[in-house]
Amino acid sequence: MSQTSARILLIGSNGQIGRELLRTLAPLGEIVATSRDNKAGLTIDLAKPDSLVQAFNEVKPVLVVNAAAYTAVDKAESEPDVAEAVNAIAPGIIGELATKQGAAVIHYSTDYVFDGASGFPYKEDDKTNPAGVYGRSKLQGEKALLDTADNALIFRTAWVYGQHGQNFLRTMLRLFAERDEVRVVDDQIGSPTWSRMIAETTAQVASQLKMNPAQFSEKRGIYHLTAAGQTSWFDFAQAILGNTESTCRLLPIPTTEYPTPAMRPAYSVLDNMKLHDLFGLALPDWRHSLQQCMDGS
Ligand SMILES: NC(=O)c1ccc[n+]([C@@H]2O[C@H](COP(=O)([O-])OP(=O)(O)OC[C@H]3O[C@@H](n4cnc5c(N)ncnc54)[C@H](OP(=O)(O)O)[C@@H]3O)[C@@H](O)[C@H]2O)c1
(Lines give C-alpha, C1' and ligand atoms only; values in the text may rest on other atoms or scores of the structure.)
Protein backbone atom coordinates (compact mmCIF):
# COMPACT_ATOMS: atom_id res chain seq x y z
CA MET A 1 0.00 0.00 0.00
CA SER A 2 1.27 3.47 -0.79
CA GLN A 3 1.98 5.37 2.41
CA THR A 4 0.32 8.51 1.15
CA SER A 5 -3.07 6.89 0.48
CA ALA A 6 -3.43 5.57 4.02
CA ARG A 7 -6.12 7.15 6.18
CA ILE A 8 -5.08 7.94 9.71
CA LEU A 9 -7.76 8.51 12.33
CA LEU A 10 -6.25 10.84 14.93
CA ILE A 11 -8.19 10.96 18.21
CA GLY A 12 -7.45 13.92 20.50
CA SER A 13 -5.88 16.28 17.99
CA ASN A 14 -6.13 19.25 20.42
CA GLY A 15 -3.91 17.70 23.09
CA GLN A 16 -0.19 18.30 23.62
CA ILE A 17 0.86 15.20 21.69
CA GLY A 18 -2.13 15.30 19.33
CA ARG A 19 -1.24 18.75 17.98
CA GLU A 20 2.31 17.64 17.22
CA LEU A 21 1.06 14.46 15.54
CA LEU A 22 -0.93 16.56 13.07
CA ARG A 23 2.41 17.62 11.60
CA THR A 24 4.57 14.52 12.05
CA LEU A 25 2.02 12.06 10.66
CA ALA A 26 1.12 14.21 7.65
CA PRO A 27 3.75 12.69 5.32
CA LEU A 28 2.43 9.19 6.09
CA GLY A 29 -1.14 9.56 4.92
CA GLU A 30 -4.37 11.50 5.01
CA ILE A 31 -5.03 12.52 8.59
CA VAL A 32 -8.63 12.69 9.73
CA ALA A 33 -8.32 14.77 12.89
CA THR A 34 -10.96 14.48 15.59
CA SER A 35 -11.64 16.20 18.87
CA ARG A 36 -14.49 15.98 21.31
CA ASP A 37 -15.59 19.55 20.71
CA ASN A 38 -15.80 19.25 16.91
CA LYS A 39 -13.13 21.93 16.41
CA ALA A 40 -11.11 19.44 14.37
CA GLY A 41 -14.03 18.62 12.03
CA LEU A 42 -15.05 15.16 13.20
CA THR A 43 -16.23 14.55 16.78
CA ILE A 44 -15.09 11.67 18.94
CA ASP A 45 -15.96 11.65 22.62
CA LEU A 46 -14.26 8.63 24.15
CA ALA A 47 -16.92 8.56 26.85
CA LYS A 48 -19.50 7.99 24.08
CA PRO A 49 -18.75 4.71 22.29
CA ASP A 50 -21.26 5.52 19.52
CA SER A 51 -19.06 8.40 18.38
CA LEU A 52 -16.19 5.93 17.92
CA VAL A 53 -18.33 3.51 15.93
CA GLN A 54 -19.53 6.32 13.69
CA ALA A 55 -16.02 7.70 13.10
CA PHE A 56 -14.55 4.27 12.29
CA ASN A 57 -17.37 3.60 9.79
CA GLU A 58 -16.92 6.98 8.18
CA VAL A 59 -13.12 7.03 8.02
CA LYS A 60 -12.17 3.36 7.56
CA PRO A 61 -8.65 4.06 8.78
CA VAL A 62 -5.53 2.03 8.15
CA LEU A 63 -4.07 3.45 11.36
CA VAL A 64 -5.77 4.85 14.46
CA VAL A 65 -3.68 7.04 16.75
CA ASN A 66 -5.29 7.70 20.11
CA ALA A 67 -3.71 10.75 21.72
CA ALA A 68 -6.81 11.53 23.80
CA ALA A 69 -7.12 10.64 27.44
CA TYR A 70 -8.53 11.85 30.72
CA THR A 71 -5.24 13.39 31.92
CA ALA A 72 -6.37 15.39 34.99
CA VAL A 73 -4.46 13.22 37.48
CA ASP A 74 -5.79 14.88 40.64
CA LYS A 75 -9.35 15.42 39.43
CA ALA A 76 -9.53 11.73 38.50
CA GLU A 77 -9.55 10.90 42.22
CA SER A 78 -13.01 12.47 42.49
CA GLU A 79 -14.22 11.51 38.98
CA PRO A 80 -13.20 7.86 38.74
CA ASP A 81 -16.15 6.93 36.50
CA VAL A 82 -15.25 9.45 33.79
CA ALA A 83 -11.54 8.56 33.98
CA GLU A 84 -12.44 4.89 33.65
CA ALA A 85 -14.79 5.43 30.70
CA VAL A 86 -12.18 7.40 28.76
CA ASN A 87 -8.93 5.70 29.82
CA ALA A 88 -9.93 2.13 30.65
CA ILE A 89 -13.00 1.26 28.56
CA ALA A 90 -12.60 3.30 25.36
CA PRO A 91 -9.23 1.73 24.39
CA GLY A 92 -10.95 -1.68 24.36
CA ILE A 93 -13.65 -0.34 22.06
CA ILE A 94 -10.99 1.18 19.81
CA GLY A 95 -9.25 -2.21 19.77
CA GLU A 96 -12.46 -4.05 18.80
CA LEU A 97 -13.30 -1.62 16.02
CA ALA A 98 -9.74 -1.63 14.70
CA THR A 99 -9.64 -5.42 14.68
CA LYS A 100 -12.96 -5.57 12.79
CA GLN A 101 -11.60 -3.23 10.13
CA GLY A 102 -8.04 -4.60 10.07
CA ALA A 103 -6.56 -1.27 11.22
CA ALA A 104 -3.40 -0.75 13.27
CA VAL A 105 -3.51 1.21 16.53
CA ILE A 106 -1.06 3.48 18.33
CA HIS A 107 -2.01 4.44 21.87
CA TYR A 108 -0.25 6.24 24.73
CA SER A 109 0.07 5.32 28.36
CA THR A 110 1.95 6.56 31.36
CA ASP A 111 4.74 6.07 33.90
CA TYR A 112 2.00 6.35 36.56
CA VAL A 113 1.23 2.64 36.04
CA PHE A 114 4.24 2.09 38.34
CA ASP A 115 4.35 2.79 42.07
CA GLY A 116 7.79 4.40 42.00
CA ALA A 117 9.35 2.13 44.60
CA SER A 118 12.08 0.95 42.20
CA GLY A 119 15.52 2.52 42.10
CA PHE A 120 16.14 1.40 38.50
CA PRO A 121 14.56 2.50 35.22
CA TYR A 122 11.37 0.51 34.66
CA LYS A 123 11.23 -1.98 31.80
CA GLU A 124 8.01 -2.68 29.93
CA ASP A 125 7.30 -5.95 31.72
CA ASP A 126 8.20 -4.79 35.22
CA LYS A 127 5.49 -5.16 37.81
CA THR A 128 2.85 -2.43 37.63
CA ASN A 129 1.15 -1.04 40.71
CA PRO A 130 -0.52 2.31 40.08
CA ALA A 131 -1.02 4.54 43.11
CA GLY A 132 -4.07 6.46 41.90
CA VAL A 133 -7.23 6.43 39.81
CA TYR A 134 -5.54 7.90 36.71
CA GLY A 135 -2.70 5.33 36.67
CA ARG A 136 -5.14 2.49 37.33
CA SER A 137 -7.46 3.58 34.54
CA LYS A 138 -4.54 3.89 32.09
CA LEU A 139 -3.27 0.42 33.04
CA GLN A 140 -6.75 -1.04 32.47
CA GLY A 141 -6.80 0.71 29.09
CA GLU A 142 -3.49 -0.92 28.10
CA LYS A 143 -4.91 -4.34 28.93
CA ALA A 144 -8.23 -3.66 27.21
CA LEU A 145 -6.46 -2.58 24.02
CA LEU A 146 -4.01 -5.50 23.95
CA ASP A 147 -6.88 -7.93 24.67
CA THR A 148 -8.86 -6.69 21.68
CA ALA A 149 -6.32 -5.61 19.05
CA ASP A 150 -3.68 -7.68 17.27
CA ASN A 151 -2.04 -4.67 15.67
CA ALA A 152 -1.62 -2.32 18.62
CA LEU A 153 1.46 -0.49 19.86
CA ILE A 154 1.34 1.32 23.20
CA PHE A 155 3.88 4.00 24.03
CA ARG A 156 4.24 4.68 27.73
CA THR A 157 5.60 8.16 28.18
CA ALA A 158 6.11 10.56 31.10
CA TRP A 159 6.32 14.18 32.29
CA VAL A 160 5.10 15.54 28.94
CA TYR A 161 5.64 19.22 28.16
CA GLY A 162 5.58 21.41 25.10
CA GLN A 163 4.57 24.77 23.74
CA HIS A 164 0.83 24.03 23.93
CA GLY A 165 -1.60 22.90 26.56
CA GLN A 166 -1.27 22.56 30.29
CA ASN A 167 2.14 21.40 31.32
CA PHE A 168 4.97 22.03 33.78
CA LEU A 169 7.07 24.12 31.38
CA ARG A 170 4.22 26.55 30.71
CA THR A 171 3.24 26.70 34.37
CA MET A 172 6.82 27.50 35.41
CA LEU A 173 7.20 30.20 32.74
CA ARG A 174 4.01 31.84 34.01
CA LEU A 175 5.08 31.64 37.65
CA PHE A 176 8.58 32.95 36.92
CA ALA A 177 6.98 36.02 35.34
CA GLU A 178 4.48 36.54 38.18
CA ARG A 179 6.36 35.70 41.39
CA ASP A 180 9.58 36.41 43.27
CA GLU A 181 9.83 32.90 44.62
CA VAL A 182 8.62 29.48 43.47
CA ARG A 183 8.80 26.22 45.46
CA VAL A 184 9.19 22.97 43.56
CA VAL A 185 9.43 19.39 44.78
CA ASP A 186 12.86 17.85 44.56
CA ASP A 187 12.18 14.27 45.63
CA GLN A 188 10.26 12.98 42.60
CA ILE A 189 12.49 11.71 39.82
CA GLY A 190 11.49 11.23 36.19
CA SER A 191 12.27 12.14 32.58
CA PRO A 192 10.72 15.32 31.15
CA THR A 193 9.64 14.47 27.61
CA TRP A 194 8.87 16.94 24.81
CA SER A 195 5.53 16.32 23.08
CA ARG A 196 7.17 16.96 19.71
CA MET A 197 9.80 14.29 20.28
CA ILE A 198 7.03 11.80 21.13
CA ALA A 199 5.16 12.71 17.94
CA GLU A 200 8.30 12.47 15.82
CA THR A 201 9.21 9.08 17.27
CA THR A 202 5.64 7.88 16.73
CA ALA A 203 5.84 8.84 13.05
CA GLN A 204 9.25 7.17 12.67
CA VAL A 205 7.85 3.92 14.06
CA ALA A 206 4.74 4.07 11.84
CA SER A 207 6.94 4.76 8.86
CA GLN A 208 9.30 1.87 9.64
CA LEU A 209 6.24 -0.39 9.83
CA LYS A 210 5.20 1.00 6.43
CA MET A 211 1.74 1.87 7.78
CA ASN A 212 1.04 -1.82 7.34
CA PRO A 213 -1.17 -3.43 10.03
CA ALA A 214 0.52 -6.81 9.47
CA GLN A 215 3.87 -5.28 10.32
CA PHE A 216 2.36 -3.63 13.40
CA SER A 217 1.19 -7.08 14.45
CA GLU A 218 4.78 -8.39 14.43
CA LYS A 219 5.83 -5.60 16.80
CA ARG A 220 2.66 -5.36 18.90
CA GLY A 221 2.96 -4.54 22.57
CA ILE A 222 4.13 -1.91 25.03
CA TYR A 223 7.15 0.35 24.52
CA HIS A 224 8.65 2.95 26.82
CA LEU A 225 9.13 6.28 25.06
CA THR A 226 10.64 9.07 27.13
CA ALA A 227 13.59 11.40 26.82
CA ALA A 228 16.88 9.94 27.99
CA GLY A 229 18.29 10.92 31.36
CA GLN A 230 16.51 11.71 34.59
CA THR A 231 15.94 14.64 36.89
CA SER A 232 13.72 16.01 39.65
CA TRP A 233 10.93 18.55 39.12
CA PHE A 234 13.15 21.04 40.95
CA ASP A 235 16.12 20.52 38.61
CA PHE A 236 13.76 20.60 35.62
CA ALA A 237 12.45 23.95 36.89
CA GLN A 238 16.03 25.21 37.30
CA ALA A 239 16.85 24.25 33.72
CA ILE A 240 13.76 26.16 32.53
CA LEU A 241 14.62 29.19 34.68
CA GLY A 242 18.15 29.20 33.25
CA ASN A 243 16.66 29.80 29.82
CA THR A 244 14.77 32.91 30.93
CA GLU A 245 15.67 36.43 32.09
CA SER A 246 13.63 35.95 35.26
CA THR A 247 15.18 36.76 38.65
CA CYS A 248 12.71 34.52 40.44
CA ARG A 249 14.15 32.42 43.30
CA LEU A 250 13.59 28.67 43.20
CA LEU A 251 13.32 26.70 46.42
CA PRO A 252 13.43 22.89 46.66
CA ILE A 253 10.73 21.32 48.83
CA PRO A 254 9.82 17.73 49.68
CA THR A 255 6.60 16.20 48.31
CA THR A 256 5.20 16.29 51.85
CA GLU A 257 5.09 20.09 51.57
CA TYR A 258 3.09 19.96 48.31
CA PRO A 259 0.21 17.57 49.02
CA THR A 260 -1.99 16.61 46.06
CA PRO A 261 -5.16 14.48 45.90
CA ALA A 262 -3.35 11.83 43.82
CA MET A 263 -0.08 10.26 44.91
CA ARG A 264 2.78 10.48 42.39
CA PRO A 265 5.49 7.84 42.01
CA ALA A 266 8.70 9.01 43.69
CA TYR A 267 10.74 7.44 40.89
CA SER A 268 9.30 6.82 37.45
CA VAL A 269 12.22 6.70 35.03
CA LEU A 270 11.44 4.39 32.10
CA ASP A 271 13.98 2.24 30.27
CA ASN A 272 13.77 2.96 26.52
CA MET A 273 15.99 0.07 25.36
CA LYS A 274 13.17 -1.94 23.76
CA LEU A 275 12.40 0.92 21.38
CA HIS A 276 16.11 1.16 20.64
CA ASP A 277 16.55 -2.57 20.09
CA LEU A 278 13.45 -3.15 17.95
CA PHE A 279 13.38 0.11 15.97
CA GLY A 280 16.95 1.39 16.25
CA LEU A 281 15.73 4.63 17.82
CA ALA A 282 17.95 6.46 20.31
CA LEU A 283 15.97 9.11 22.15
CA PRO A 284 17.57 12.47 22.99
CA ASP A 285 18.51 13.61 26.47
CA TRP A 286 15.79 15.66 28.20
CA ARG A 287 18.07 18.73 28.44
CA HIS A 288 18.67 18.69 24.70
CA SER A 289 14.93 18.54 23.93
CA LEU A 290 14.13 21.25 26.47
CA GLN A 291 16.67 23.55 24.84
CA GLN A 292 15.19 22.89 21.40
CA CYS A 293 11.66 23.48 22.68
CA MET A 294 12.58 26.72 24.44
CA ASP A 295 14.55 27.94 21.41
CA GLY A 296 11.28 27.55 19.51
CA SER A 297 12.91 25.24 16.97
N1 LIG B 1 0.78 14.90 30.09
C2 LIG B 1 1.63 14.04 30.61
O3 LIG B 1 2.53 14.42 31.39
C4 LIG B 1 1.56 12.59 30.25
C5 LIG B 1 2.45 11.71 30.90
C6 LIG B 1 2.41 10.36 30.57
C7 LIG B 1 1.51 9.90 29.63
N8 LIG B 1 0.65 10.75 29.03
C9 LIG B 1 -0.31 10.20 28.06
O10 LIG B 1 -0.07 10.78 26.79
C11 LIG B 1 -1.29 10.88 26.08
C12 LIG B 1 -1.48 12.30 25.59
O13 LIG B 1 -1.37 13.17 26.69
P14 LIG B 1 -1.30 14.75 26.53
O15 LIG B 1 -0.42 15.27 27.60
O16 LIG B 1 -1.07 15.11 25.10
O17 LIG B 1 -2.79 15.09 26.93
P18 LIG B 1 -3.55 16.49 26.98
O19 LIG B 1 -2.70 17.59 26.46
O20 LIG B 1 -4.17 16.59 28.30
O21 LIG B 1 -4.66 16.22 25.89
C22 LIG B 1 -5.61 15.22 26.08
C23 LIG B 1 -6.60 15.32 24.97
O24 LIG B 1 -7.61 14.33 25.23
C25 LIG B 1 -8.84 14.93 24.95
N26 LIG B 1 -9.91 14.28 25.69
C27 LIG B 1 -10.14 14.27 27.03
N28 LIG B 1 -11.27 13.61 27.29
C29 LIG B 1 -11.76 13.20 26.09
C30 LIG B 1 -12.90 12.48 25.69
N31 LIG B 1 -13.83 12.05 26.57
N32 LIG B 1 -13.09 12.23 24.39
C33 LIG B 1 -12.19 12.69 23.46
N34 LIG B 1 -11.12 13.38 23.77
C35 LIG B 1 -10.90 13.63 25.08
C36 LIG B 1 -8.71 16.38 25.38
O37 LIG B 1 -9.70 17.10 24.72
P38 LIG B 1 -10.06 18.62 25.11
O39 LIG B 1 -9.01 19.41 24.37
O40 LIG B 1 -11.42 18.77 24.58
O41 LIG B 1 -9.96 18.70 26.59
C42 LIG B 1 -7.30 16.69 24.91
O43 LIG B 1 -7.29 17.15 23.59
C44 LIG B 1 -2.37 10.39 27.02
O45 LIG B 1 -2.64 9.03 26.77
C46 LIG B 1 -1.75 10.52 28.40
O47 LIG B 1 -2.30 9.60 29.32
C48 LIG B 1 0.67 12.10 29.31
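Here, every reference points to the structure presented above.
Let us look at the structure shown here. (Residues numbered from 1 in each chain as written. Predicted model: local features only at pLDDT ≥ 70, side-chain atom pairs only at ≥ 80, totals over all residues. Heavy atoms only, no water.)

A short note on the site of the ligand
Near the ligand you find 23 residues, and of these Asp45, Leu46, Thr71, Tyr134 and Lys138 are the closest. Within the contact set of the ligand, an oxygen atom lies 3.1 Å away from a backbone nitrogen or oxygen of Gly15. Within the side chain of Tyr134, a nitrogen or oxygen atom sits 2.7 Å from an oxygen atom of the ligand. For the ligand, the accessible surface in isolation is 900 Å², of which the surrounding protein chains cover 84%. (Near = heavy atom within 4 Å. Polar contact = N/O pair within 3.5 Å; in protein donor to acceptor, adjacent residues only side chain to side chain. Areas by Shrake-Rupley, 256 points an atom, 1.4 Å probe, with all protein chains shown as cover.)

Remarks on empty space enclosed by the protein
Gaps left between atoms are located by rolling a probe of water-molecule size over the structure's atoms. Under the defined criterion, the tally for this structure stands at 2 cavities of 30 Å³ or more. Computed from the structure, the largest cavity encloses a volume of approximately 70 Å³. Every residue along the wall of the largest cavity is listed here: Val73, Glu77, Tyr112, Phe114, Ala131, Gly132, Val133, Tyr134, Gly135, Ala262, Met263 and Pro265. Of the residues assigned to the lining of the largest cavity, the class counts are 9 nonpolar, 2 polar and 1 charged. (1 Å grid on protein atoms, 1.4 Å probe; cavity = no way out; pocket = protein on both sides within 12 Å on 5 of 7 lines; lining within 4 Å. Points joined across faces, edges and corners; volume = space filled by probe spheres on them. Nonpolar A, V, L, I, M, F, W, Y, C, P; charged D, E, K, R; others polar.)

Details of unusual backbone geometry
At Lys60, a residue that is not glycine, the phi angle is positive and equals roughly 50 degrees. Of note, Lys60 is situated in the loop between helix H2 (49-59) and strand E4 (63-66). One non-glycine residue with positive phi stands out, namely Lys210, at about 55 degrees. Within the fold, Lys210 resides in the loop between helix H6 (195-208) and helix H7 (213-218). (Helix = DSSP H or I, 4+ residues; strand = E, 2+ residues; numbered from the N terminus.)

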